[in-house]
Each structure stands twice: as C-alpha cells, then as structure tokens.
Amino acid sequence: MTTAPPDNFWNDTGRTGISSWIFSTDHKRIGLLYFYSVLTFFLVGVALGLLLRIELMAPGRTIMGPQTYNALFTVHGVVMIFLFILPGFPGAFGNLVMPIQIGARDVAFPRLNLFSWWLYLAGAVIILVSLFTGGGAPDTGWTFYVPFSTRTGTNVSLAVVGVFILGFSAILTGVNFVTTIHRLRAEGMTWTRLPLFTWSLYATAWVQILATPILAITLVLIFSERVLGTGLFDPSRGGDPIMFQHLFWIYSHPAVYIMILPAMGIISDIIPVFSRKPIFGYKMIAFSSLAIAAAGSLVWGHHMFTSGMSDNAVLVFSFLTFIVAIPSAIKVFNWVSTLYKGSISLEAPMLFALSFILLFSIGGLTGLILGAAATDVHVHDTHFVVGHFHYVMFGGTGFAFFAAMHYWLPKFYGRTYSQRGAIVAWALMFVGFNVLYFSMKVLGMKGMPRRYYDYLPEFTTLNLVSTIGSWILAIGLLIMLMNLFRGLFRGTPFTGNPWGGATLEWSIPTPPPTENFIEEPVVTHGPYDFTGTGRP
Amino acid sequence: MNPAALTSTTEAIDPVFMFIFGACLVLLLAITAVMLFFVIRYHRSRSPRPTSQVAGNLWLEIVWITLPTLLVLAMFYYGWAGYLSLRQVPAGALEVTATAQMWSWSFSYADGRTSNKLYVPVGQPVKVELVSRDVIHGFYLPAFRVKRDIVPGQKNQVWFVAGKPGSYDLFCSSYCGTNHSAMISTVEALPKAEFAAWLQNSGKGKTTGIDGKKLAEEQGCLGCHSLDGSSGAGPSFKGLYGAPRDDGKRRVVAEEAYLKESIREPGAFVVKGFQPIMPSFDHLSEEEVSALIEFIRSVK
Ligand code: HEM
Ligand SMILES: [Cu+2]
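Residues numbered from 1 in each chain as written. Chains lettered and ligands numbered in written order. Predicted model: local features only at pLDDT ≥ 70, side-chain atom pairs only at ≥ 80, totals over all residues.

### Remarks on the overall build of chain A
In terms of helices and strands, chain A carries 15 helices and two strands. Its C-alpha atoms give chain A a radius of gyration of 23 Å, near enough to 24 Å, the size a compact globule of 536 residues would have. By principal-axis analysis of the C-alpha atoms, chain A measures approximately 80 × 45 × 45 Å. A buried classification covers 61% of the 536 residues belonging to chain A. (Helix = DSSP H or I, 4+ residues; strand = E, 2+ residues; numbered from the N terminus. Rg over C-alpha atoms; globule rule 2.2 N^0.38 Å. Buried ≥ 20, exposed ≤ 12 C-beta atoms within 10 Å, placed from the backbone.)

Below, the structure written as structure tokens:
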C-alpha cells in the first residue's frame, strides 16, 4: 500500500525539475523565486558596499581607483534599490503570503504574476550586461542626474533600459495585487479584517501603478538624450537640467514608500503576535498607510532644496515634508502602545521587529533635519544623507525583511532555525549597523560630502570606525543566513501554529497545500484576535 | 531671525540645528525608554498572559496626532526662517564669480583677478555667483553652513561672511564624475588690509605678460593634467610637446596647432584611452593660449 505524498506546494504534480519553478503560476513558488532572486542581489549589493567601505577605510587609494569607486557606488545603489528593495517585499513576501492572508487560492492573474518575475529577471540581466559591455559600468550614481549622465562614456543607456523593464514588472505586480485584494477576499474578510501587511501592500500597489510610469518616461528621456541628442535637459539648447531632477524625484520619492510601507505592514503583523494583544489603533495604522501613499507623492522637491529651485517651491515642499512625517510618527506610537500590558516573547522575528522601530525612528527623525530647509542646506549631499537613508532602507526595510524571513519562511519549509543562533546574529547586526551608519551621520555633520572616493585627514578616524562597523554587520549577516537556511533545510520540524498567529496563513497546514485552503475559508474574527490560537 | 541682524550664515543655521536635533533626541530617548520598559515589564516571564486586550483609545490618539503636528510645524517654521536668511544677501557684499568645471575651481574678482582659491576679506559679506562650464557641481563650505548647486545655464548664488582669518574647506558637493572628491579648494580669509594688498597685486601681474604656469593652475588644467608624467583624467603635460598623438583614427604630433585646437575645441581629437570630458577653454585670449602652450612646452 502506498501513501499519497502530503498535499503541499512542494509536491507539485504538474511539471518537474527546474521548469516546475520557473514556469509555475503558483503564487508561493513565484514568491520563492522572487525571494531567492532578491536575496542574491542583496548579497551582491552587500559585497559591493563592503568594498566601498574598505576603500574609505583610510584616505587616498586603498584598494581601487576613483573611477572604480564611482562605478561601484552606482552599481551598489542600483542593485539595492531596483533589484532588492523595490521588488523585495511585494515580490517575495507579498506573493508568498498575501493571497493566503485574504483567503484566496492565488492572485487574480497568476500568469501575469509569472510574467512579472520574468520581466524582473530580464531587467536584472540587462543591468548586469551593462556592467561589462560598452563603456563599462555606469558611474552616474543611482540618480542618473543630467547633464553628467548624458555625457559620460560609460554604459548608461543599456542600464537605463534595464531599469525601464523593471518598472513594468513593478506596475504589473501592482495591478495584480490591487485586483486580488479587491476581488478575491474570502467570505467574511471585510476591509477592517484585512491583516495590516495586506493593507500596506494595497497602498504600495497603488504607488507602484501610479508612480512607476513617470520613472519610465524619465528613463526614456535620458535614453533619447544620449542616443538622439534631443537636448531637453541641455541649457545650451533651451533645455533645463533641473527639470530632470523633478521628473526623477516625482517617481523616486514615492518609491521610498514602496520600500517602507510593506515593511511597516509586516511590523504591524508581528508585534501583536509576539505581545498576544490586538494592534493598538488598527484603523489609524491602515489609514495612515493610505495617507502616506497619497501625501508622499507631493514631497519630491525636498531632494532639491539646494538646486536653485525657487524659494516658494522650497517653502511648499518643506511644509509638505513635515506633514507626511506625522502618519509615520503615529505608527511608531501605535506599535509601542501595543506592547503595553501584553505578554511579550522575544523570539527572532520580534527582535528584528523591535529593532526596526528604533532604527526606523532614528532614520525618520534625522529626516526631519533634512526636511527643514535651513538645516538641509548644510547636510544635503553629505554622508549625513547616506547615514539617513541606510537607517530607513536598511535599518527599516532591511530589518523588517529579516523579521519576515524568520517569521514566515518556516511556515513554507516546515522546518525552523535555532533561536539562539538567530539572536546572536541579530545582536551582532544591530551593533554593527549602528557603528557603521551612525559614524556616517557624524561625518556628514562635520561636512564630508557623499560620493567621495577620497577625503581630508580630519575625517579619518570616523571613517575607520564606520568600516569596522561594516565588518561586524557582515559577520552578523553571515551567521543569520547560515543559521536560517540550515534550519529551513535541516532544522527541527515546524508544524501547527507555534507563534500563535491569528491571520489565515496560520490556519492552514504547514507547508501550505498547493491550493492553500483545503476548504473555502470563512472569516469570523479580526486578524489580531488571539483567542484559540494555542498560545495564551 | 532678521537677516540684517545676523553676522554670519553659521548663526542662521546652528540654532535651528540644535532645536531640531534636541527635539529629535528627546523623542528618540522617550520612545526607546518606553519601549524598553514595556519589553522588560511585560515580558512573558513576568507577564505570562496579556492583562489587557485594549485595541485603541481615541483620546490618546488625538493627543499623539496633535502634539507631533505642533512640533513639526515649529521645526518647519524655524527651518524656513533660517533658510530665508541664507537667501538674502546683505548690502555691501563683495562680488566674486566661482567657475566650476570638472574638476577644478576658478574664482574671479571684479577687476579681473582670478585665483584657484577663494580669497575673502574678514568681516565683509561675500556674494558668490556660481557658474558651471560643464555638469552640475555643488559649492559647499561646511564651516559656514552654505551650499548651493552650480547648474549649467542657471544663475545660482550664495553668500557668507568669514568672522575670523583662516583657511576653510571648500568642497564640490554635487557628484560630477571621476575626480569629484578631488574637486576641493579653500576659502582664505585675510584681514581687510591684507586682502586689499592681495587684490592690488594681481593688477600688476596682468600687465607684465602672462604666466602660463599660473594660468594653468587658475584655469584648473592641472586638476586633470599632471606635471610628473602620471596619467590623470587627461594625459600628463610632461613630455607632451612634440609627442605623437593617436585617437584611434588619426595620428598627429603635439605642436602649436594641435595644442591650440585641443584647448579651444577639445572634442575634436581625443587621445585613445581618455574620455571626451575636457571642457572647451574658448574664453581664453590668443595670448593666454600661447602662454599655456609655452608652459606645456617647458614641462619636460
Ligand atoms: C553591509 C551593507 C552596506 C554597506 C557597507 C553599505 C555602504 C555604502 C557606502 C559606503 C555607500 C557610498 C557612500 C558614498 O560614497 O557616497 C553606499 C551608498 C548607497 N547605499 Fe549602501 N551599504 C550597505 C547596504 C545597503 C542597503 C541594504 C541599501 C538599500 C536597501 C543600500 C543603498 C544604498 C544607496 C541607494 C546608496 C547611494 C548610491 C549613490 O550614491 O548613488 N545600501 N552604501
Ligand atoms: Cu563637482
């Protein structure tokens, strides 16, 4: 007598081998494809970041020349932004869990979903090709500012084509998610019972749909400027280089919210589970995601206070920047209050989530210094900014990504990692992170500009400290990944609902069945109602 | 914050900085303290079960929407006021034009004096007109807290005043290519009399022929072309005169005609292995170009 293999998505009955993955339309398999792709690029980006830090360890030439340094920070930025952090949350965890969280069998357009991943892959490959062909790796910075980007002999045109294609991937994911969340919610899954992670993906998807086309247009314009010599940004032919900066940031500032909103969503899901209490102010958090997405599209000019833009514009953009800070502050207060009178357990997902709150707050508060017109003038384009955005993107989104890995991946693998290993790794990363980036903030306040291959002797000590921090962080990261993946493939079994989550993904077998739900779910309670979840 | 009452740009910025920084620090410490307290007090070992299932509190939320709103509005206001004083140039300012090009600075004064350092008199406000010859650069004086992008085709300006004599860092803050981090200079603040003497001095220098070496420094040639044979962004001047040049299609010898063309119209012939990044120096007079060529010839 043979027993049928358990019904889970690892035992897909259709295709076999690699094609059961790269041609699969199952949202879980696509989620894992995204996960491993973005993780790979994250590690590439980290390696480049470490090289940058080694170069900056001491003044003068350490391991590379200026042209190499410039290419490396550009590639580091492009890889981290366009290949890791923008597609990261929606692509990996959005795909893995969102359909399950709303009680659906898959996303609304599974084939389009697969196509998005292929577009992502195509864009990534084109960017990689651009590094080694033509005039060599782009050296413009990830911001592609004209006129430099139209004059440089490096391979900007091809890289821009790659990013353009990535944009389409993002738009299609956005369309897919908005449709899925509107149309495929299970019976009883009202809008106020949506888990906050799904809420945040919903807000994010709208930003992806509405903002990304502007990136596409901007990239087409750079391309035509370089290839056809249109002169739209060339003052000697009636063009305006500042126009480019507006176009670029009209997309790229909202893109910051594509990066951070899903991270806030996962934090809002994790904190209640590990405190055994409903989230404090559910509606306010859900609403503030939408508020951030909307108001965030009106603040792009704060990247340009020193550009020569009119003072009236500076006034308005500075004002709006402070307004959009408020919903983020509200979320922080809500997370902290959720802890009150809870029963808190400090397992790995929770540690990453709590450190998210701190690092994100530091990033956000230093953002206020950049949002105030007077103080921005001093720290704009310095290492202060480099410190600031790493706190938000890495300390914020990055740490939330690690929280999500420790929270959800065992659910999909059915095995789990050692808590002790994860906690050691977390501690190293937290310390290393702050040493690395806090030093950068101080360097910036002392006046060290960013994108500097070399620096004056007065900046030596802090640069060395920062580089040492990068090594501590790297060791922590390595331990974290080894511990996690050893656990997922060979660790102790993970079954049932060990964290005691109340959202739908915790109600189905582990690993999830191919169709997610054995019978159609009917939702009868909110996402943070922990009665009957096994843990007190 | 009335700009007229300010004696320096630093004074306009630093109090705003301290205010925002202080408020942020207090907030951060408060959040951290409360969070740590909750995590310790309500840890599972002390609090095996949640003792409340409260899911919100309207009044609390109203309070913590209102208070931060007021706080950030204050920050906005002070930030804006400080910014305005950076924008209003005091009367009686000395006018200097800063010309930025990849990757050097040139400062010129009303009477035609040029220099690659920014000499200023102590105590007198200085207004700097910012001109770019190629891409976007940034004029940044950390000591005076001023920064402004230098955008081709656009008239940007900054002002500052040096309170004490001394030498202050001047950086290019806006990324501009290979040697961006080497595009640095200094502000040299001299006592008034000394500054006047320095400015005078130049007048004389001008009538007695042109010093090719000085011109090469002032125009920033030496930022890219070394004198010791090492290759920078451009070929070294050492041994250049009379050497064969090859752009992949043609071969020529670097003599008068070639050098002149290379200075006036650098894009016409780009030596193999280099990028076409040198800006045109068409604004130089015939005599100045000759002086430069004479100087290049002298570097053996
Ligand atoms: C170990 C990890 C990392 C290290 C050591 C590191 C280090 C650095 C350094 C040294 C710079 C250049 C500073 C300069 O010269 O201006 C830089 C720039 C940058 N980093 Fe990172 N970084 C790391 C991780 C990340 C992550 C996770 C992200 C985003 C999610 C990120 C995004 C960026 C961006 C966007 C830039 C700006 C590039 C540009 O100026 O065009 N980095 N990083
Ligand atoms: Cu520059």
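### Re the packing of helix α6 (residues 156-183) of chain A against helix α7 (residues 196-227) of chain A
Packed helices, taken two at a time, are described by the angle between their axes plus the distance between the axes. Residues and elements named next belong to chain A. Closest axis-to-axis distance for the α6/α7 pair is 8 Å, and the angle between their directions is 155 degrees. The orientation of α6 with respect to α7, classified from their angle, is roughly antiparallel. Two packed elements cross with a definite hand, and for α6 against α7 that hand is left-handed. Here the residues of the contact of α6 with α7 are counted per class, giving 22 nonpolar, seven polar and one charged. (Axes fitted to C-alpha atoms, helices over the stretch in contact; angles between N-to-C directions. Parallel < 35°, antiparallel > 145°, perpendicular 65-115°, else oblique. Left-handed = near helix turned anticlockwise from the far one by under 90°. Nonpolar A, V, L, I, M, F, W, Y, C, P; charged D, E, K, R; others polar.)

### Digging into the pairing of strand β5 (residues 126-132) of chain B
Residues and elements named next belong to chain B. Across the seven residues of β5, five count as buried, placing the element largely inside the fold. Summarising the sheet, β5 and strand β8 (residues 156-160) pair through five bridges and their orientation is antiparallel. Opposite Val126, over in β8, you have Phe160 as the bridge partner. (Pairing = 2+ DSSP bridges.)

### Quick word on the UniProt feature "domain: Cytochrome oxidase subunit I profile" (unreviewed entry) in chain A
Mapped onto this numbering, the UniProt entry annotates "domain: Cytochrome oxidase subunit I profile" (unreviewed entry) at residues 21-524 of chain A. Along residues 21-524 of chain A, the helical share is 70% and the strand share 1%, with 34 Å between the first and last C-alpha atoms. (UniProt positions renumbered as here; feature names shortened; annotations may be inferred.)

### What to know about the interface of chain A and chain B
Each partner contributes to the interface: chain A provides 70 residues, whereas chain B provides 73 residues. Among the secondary structure elements, those contributing two or more residues to the side of chain A that touches chain B are α3 (66-101), α5 (148-151), α8 (241-275), α9 (282-295), α10 (311-339), α11 (348-371) and α12 (373-379) of chain A. The leading source of residues in the side of chain A that touches chain B is α10 of chain A, at 14 residues. Each residue belonging to the side of chain A that touches chain B can be placed in one class, and the counts come to 42 nonpolar, 19 polar and nine charged. (Contact = placed C-beta atoms within 7 Å.)

### Concerning the nonpolar core
Core analysis: the largest hydrophobic core is formed by 245 residues, its most contacted members being Ile267, Ile270, Phe356, Ala372 and Ala403 of chain A. Once you skip the residues sitting within four places of it in the chain, Ile267 of chain A turns out to touch Trp335, Ala353, Phe356 and Ala400 of chain A. (Core = buried A, V, L, I, M, F, W, Y, C linked by C-beta atoms within 7 Å.)

### Things to note about the site of ligand 1
Residue and element names in this part refer to chain A. Close to ligand 1 lie 28 residues; Gly49, Gly77, Met80, Gly141 and Arg450 are nearest. Of all the secondary structure elements, the ones that give two or more residues to the shell around ligand 1 are α2 (27-55), α3, α13 (383-413) and α15 (460-490). A total of eight residues in the shell around ligand 1 trace back to one element, the largest contributor, which is α3. Its residues assigned to classes, the shell around ligand 1 comprises 15 nonpolar, ten polar and three charged. (Near = placed C-beta within 6 Å.)

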